[in-house]
Amino acid sequence: MEVKTSLLDNMIGVGDMVLLEPLSEDSFIANLRNRFDHNEIYTYIGSVVISMNPYRSLPIFTPEKVEEYRNRNFYELSPHIYALADEAYRSLRDQDKDQCILITGESGAGKTEASKLVMSYVAAVCGKGQEVNKVKEQLLQSNPVLEAFGNAKTVRNDNSSRFGKYMDIEFDFKGDPLGGVISNYLLEKSRVVKQPRGERNFHIFYQLLSGASDDTLKKLKLDRDFSKYNYLSLDSAAVNGLDDAANFRTVRNAMQIVGFMEDEVQSVLELVAAVLKLGNIEFKPESRCNGNDESRIRDKNDLKEMCELLGTEQTVLERAFSYRTVEAKQEKVCTTLNVAQAYYARDALAKNLYSRLFSWLVTRINESIKAAPKSRHKVMGVLDIYGFEIFEENSFEQFIINYCNEKLQQIFIELTLREEQEEYVREGIEWTNIEYFNNAIICDLIENHQNGILAMLDEECLRPGTVTDETFLDKLNTICAEHLHFESRLSKSSKFLTDHSLPHNCFRIQHYAGKVLYRAEGFVDKNNDLLYRDLSQAMYKANHSLMKQLFPEGNPAKVNLKRPPTAGFQFRHSVGTLMRNLQTKNPNYIRCIKPNDKKASHIFTDSLVCHQVRYLGLMENVRVRRAGYAFRQAYEPCLERYKMLCKRTWPHWRGPAREGVEVLMADLTVPAEEFSYGRSKVFIRNPRTLFFLEERRRQCLQDLATLIQKIYRGWKCRSHFLLLKKSQIVVAAWYRRYAQQNKYKRIKSATTVVQSYTRGWQARKLLRELKYQKRCEEAVTTISAYWHGTQARRELRRLKEEARRKHAVAVIWAYWKGLKVRREYRKFFRANAGKKIYNFTIQRIMQKYFLGLKSTMPSMSPIDKSWPVKPYLFLDGVHSELRRIFHLWRCTKYRSEFTEEKKAVFEEKLEASEIFKDKKALYASSVSQPFMGDYLEISKNPKYQKLNSAMDEKVLLADVVNKINRANGKGTARIFLLTKNSVVLADQKTGQVKASVPLPDLTSVSVSTQSDGFFALKLKEGSASAIKGDFLLSSEHLIEIITKLHRTGATAADSEQLNIDISDEFLVQFKHDKVCVKFIQGAPKNGNSVSCKRKNNRLLEVSVPSTV
Ligand SMILES: Nc1ncnc2c1ncn2[C@@H]1O[C@H](COP(=O)(O)OP(=O)(O)OP(=O)(O)O)[C@@H](O)[C@H]1O
Ligand SMILES: [Mg+2]
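Fair warning: this is a prediction, and the values are worked out from it, not measured in the lab.

**Thoughts on the overall build of the protein chain**
Step number 1: Assigned secondary structure in the protein chain consists of 32 helices and 31 strands.
Step number 2: For the protein chain, the C-alpha radius of gyration of 70 Å lies well beyond 32 Å, the compact-globule estimate for 1108 residues.
Step number 3: Seen through its principal axes, the protein chain has C-alpha atoms that stretch 215 × 125 × 50 Å.
Step number 4: Here the protein chain, with 1108 residues, has 46% of them falling under the buried criterion.
Step number 5: Sequence-distant contacts, at least 24 apart, represent 64% of the contacts inside the protein chain between residues at least 6 apart.

**Looking at the packing of aromatic side chains**
Step number 1: Scanning the entire structure with this criterion turns up 37 aromatic pairs.
Step number 2: Ring centres of phenylalanine 399 and phenylalanine 507 lie 6.3 Å apart, and the angle between their planes is 75 degrees; this geometry places the pair in the edge-to-face category. Separated by 108 residues along the polypeptide, phenylalanine 399 in helix H14 (residues 396-427) and phenylalanine 507 in strand S14 (residues 506-511) bring together distant segments of the chain. The same class applies to phenylalanine 399 and to phenylalanine 507, which are both buried.
Step number 3: When the ring of tryptophan 867 is compared with that of phenylalanine 886, the centres are 5.7 Å apart and the planes differ by 35 degrees; the resulting orientation is tilted. Here tryptophan 867, found in the loop between helix H27 (833-855) and helix H28 (876-895), pairs with phenylalanine 886, found in helix H28; they are 19 residues apart in sequence, far enough to count as distant.
Step number 4: Members of the aromatic cluster, each reached through a chain of ring pairs, are Phe396, Phe399, Phe472, Phe486, Phe507, Tyr518 and Phe523.
Step number 5: In this arrangement the basic side chain of arginine 200 is found over the ring face of tyrosine 206, its NZ or CZ atom lying 3.9 Å from the centre.

**A word on the state of the cysteines**
The bond known as a disulfide is covalent and runs between the sulfur atoms of two cysteines.
Step number 1: This model, assessed by the stated rule, comprises zero disulfides.
Step number 2: Looking at the unpaired cysteine 443, the closest cysteine sulfur is the one in cysteine 404, lying at 10 Å.

**Thoughts on the environment of lysine 378**
Step number 1: Checked against the element boundaries, lysine 378 lands in strand S12 (residues 378-384).
Step number 2: With a relative accessible area of 7%, lysine 378 lands in the buried category.
Step number 3: Among all residues touching lysine 378, those that are not within four sequence positions of it are Leu92, Arg93, Asp96, Asp98, Ile169, Glu170, Phe171, Asp172 and Phe173.
Step number 4: At a separation of 3.4 Å, a polar atom in the side chain of lysine 378 contacts the main-chain carbonyl oxygen of phenylalanine 173.

**Structural notes on the packing of H14 against helix H21 (residues 567-583)**
Step number 1: Running from N to C, H14 and H21 cross one another at 20 degrees; their axes reach a closest spacing of 11 Å. When the axes of H14 and H21 are compared, the pair comes out roughly parallel. Two packed elements cross with a definite hand, and for H14 against H21 that hand is right-handed. Between H14, through Phe396, Ile400, Tyr403, Cys404, Lys407, Leu408, Ile411, Glu414 and Arg418, and H21, the contact on the second element is made entirely by Ala567, Gly568, Phe571, Arg572, Val575, Met579, Leu582 and Gln583.

The rules behind these values
Residues numbered from 1 in each chain as written. Chains lettered and ligands numbered in written order. Predicted model: local features only at pLDDT ≥ 70, side-chain atom pairs only at ≥ 80, totals over all residues. Heavy atoms only, no water. Helix = DSSP H or I, 4+ residues; strand = E, 2+ residues; numbered from the N terminus. Rg over C-alpha atoms; globule rule 2.2 N^0.38 Å. Buried < 20%, exposed > 50% of the residue type's maximum accessible area, 1.4 Å probe, protein only. Contact = heavy atoms within 4.5 Å. Phe/Tyr/Trp six-rings, centres within 6.5 Å; stacked < 30°, edge-to-face > 60°. Lys NZ or Arg CZ within 6 Å of the ring centre and 35° of its normal. Disulfide = S-S within 2.5 Å. Polar contact = N/O pair within 3.5 Å; in protein donor to acceptor, adjacent residues only side chain to side chain. Axes fitted to C-alpha atoms, helices over the stretch in contact; angles between N-to-C directions. Parallel < 35°, antiparallel > 145°, perpendicular 65-115°, else oblique. Left-handed = near helix turned anticlockwise from the far one by under 90°.

The structure is reproduced here in structure tokens:
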């Protein structure tokens, strides 16, 4: 159920000043203070919101707050700016009424912040979508850009808007934003060239110098140091809580979002830089022959840089600062400028340049945010304009600003009254005239076309002849002297002749918000806002697209001799347009109040607030609002709020709400003159009546609260009791269950014990029986076994006895028979028959043996080891002997079949075996290889014909060997020839004899024990062949070569027996060195080959791959 609340709930003071009782300035301010102290910064006067600047962030602008105020009635919740924004937005969307939000207040009162809060609220509650969000973002981001260029730090406000702003936000029929239009009013351009003490120039200058990159500054020919620029005041360059560098980034980003192109941003920054440069141009006087001083530029460096930035010719600008051309009809008069005029011209140019740049920015933003021209748009205007200003010295600017505020006050009073009146008519309540101060008279004093102050100022400015501020003041004194709100010392009215608070060069106006003293000095100049044509033409000539747009009047083709409209005229005109615009819209007011001058939170200065309350006309506002009826409320919420005060309406009223309220009022006996019944609302004349109702309601609520408390307590106690009762049952049930469970468990376990004992007893009994039975069976078996055993043994003994007897009978019978036969045949046997039988038996056995041997003879192969098995043990010796004889016979037979050559081969093989068997590992592989001798077929091969013919004797062996180089151990192929008397080594390719060693010169041959083919031929010391030293050779047929060498050496004439030395380490003589040849076993590598390496003078190492 939705909870209905009201503004009247939990009020601190009164939320609506209309309800203030008694109404006086003091009570008004006390109420504001009370609320301010409790962080309630918003208070209503009817539908007007008074906003106090809290000077600190309060947690009342959160998204949750937005949701809270969304779609709620204005008086439903405590006062808030969101309530006003919501009301305005809803009546725009639902009732199709254009709205305007008028935010007024003095500088620093929070107008700009309020306008941003309104915009952000509307942005949060209106439609969503990609396109809509883009529009919202652009509208919101226009603020930082305009604030950077149009706001400045003043003594009153660190972010003071120095221009007036009115923004129309356009919505479609659904309430989605489509775009907007911004209008700007009178930028305070004098600030560009001079700032009051403690104030700053516009933010953008400081932001640019602090935030731009070094590169950008270099391009703009700027220096980061503020002190280098005359136009920047230094005493408050750094502002607390203001980060210029970060703000510059925000502005750049905002410009990008709004839609500025990169080159546009660059152009804007160039103009800002140009203004700074312009401020640094200084002049010096130069005397002319006519006695006048003419101005000259002191240092042209800044001028040069500025001209480079703007693309202007330096000479053109230089001239424009020294001369002034006045054109009148066909005449052109050129006059020189003195130093003061030159400075005036410089500052006028800077001011114009900056203010035009600002206006261009507004136009450019408008271009981006403008809505597509479609069907009718609904419009919400937000006006954030400078507030009423009273300074110590007030000049033309304050005059203009205060005029604007006068106009706003006028429209405020008019519209408030009109609204009030309209409501009374709408509700059918009789309208009584209300007395109020109408400031139309002050507006008339200023803007009257004939004798208004602005009209006279214009007249004075346009008048030929000498025009000064004094002549202007004289004119005012004559024309406005009689006006009730105009005061001047020199006016005809004698009232002020002795008023020393009113200096002679000033005039005073009694504004609706108080008296303001204006100094007439500067009015004429500022109204004229004169920029020498030479300067505008120089600017137009600049090669800078933006400059051309800013100074269109400088175009020589469009020379306009007419004076441009004055500043006062322009302002009056734009204020007029604004007022007309506002009058077509439904107004919503936010009146901002500044609580103190120190920009501090929690300080509430009564006098300052009182002053603002006065000039904002707030008391007047309350009075107007209360003139008829102080309070009004629709019937439904009224009945809802007070129905508990009458038994007939409480708790439910079934009829129409109006009747319910009537019953209620009658029951409460409220005097009839205190209220009126409108069509939809009840109007209460006096706040007293409302407070009476509220008080009754409060008491009634207390009684109701007591009743509710009573019932609630009763209900609570009963609920508690019922709960206890229920719990008790549950606990008892649980306990019983638990007790029964325990009992059951005990019985169960006792049963189990008894059962187990019984079962144990039964089982033991059964076991005993079974054991007994088993023992009986065993006993029976044993007994029967013993019995059968005894029987069997008895039977066996009997059978044995019987068998013995039978055997004895047979033996006895055989002996007896033998005796009988021997006795019978003794007479037939000869004495030597036994020997014959023996011989015969032996013969028979031998015959059988030899015949068997014949049939099982082994083969004739000498290597066949088989031999038949011996048949009888006694033939053992014979059998082995026969085997030996057979083998010898078989070998003889085999040998007899040999030819002479084969015999020689076998002899060689035999010799090889004697030399190498079990001594050299290579031997085993050579056994199966036949010794071929002439591997090269030297006699047949034509290639070796020459070599063959060089041999005297028959070649016994010809083979290719590897001759190992004595120096490095590398091998060279050589032909090895062995004849009966010598060993010859010849070149393999050419066949040329390289060395011939007679066999007698050979003392020994050394080989290793391993599987390599290395052999060393050691020569007799001092022999002819031994000059180079021993030969180290290697051959695949080593076994054959050495064997043949051994055989041949043995048979050669006068040679001694050749020594064959088999060892893994032997000495050889190379020339004069004795070198040790050492064989080592190495890992198989390089295709398993033997490698030979001369390690040093004394060692040659042969690495033989291991054969395993
Ligand atoms: N609702 C707020 N919450 C917190 N601080 C605020 C609020 N309103 C204003 N302020 C503070 O007060 C300062 C001045 O406010 P703002 O700039 O809105 O004043 P202004 O009325 O626009 O003044 P001016 O007429 O000089 O432009 C702000 O910079 C901010 O610090
Ligand atoms: Mg502002």
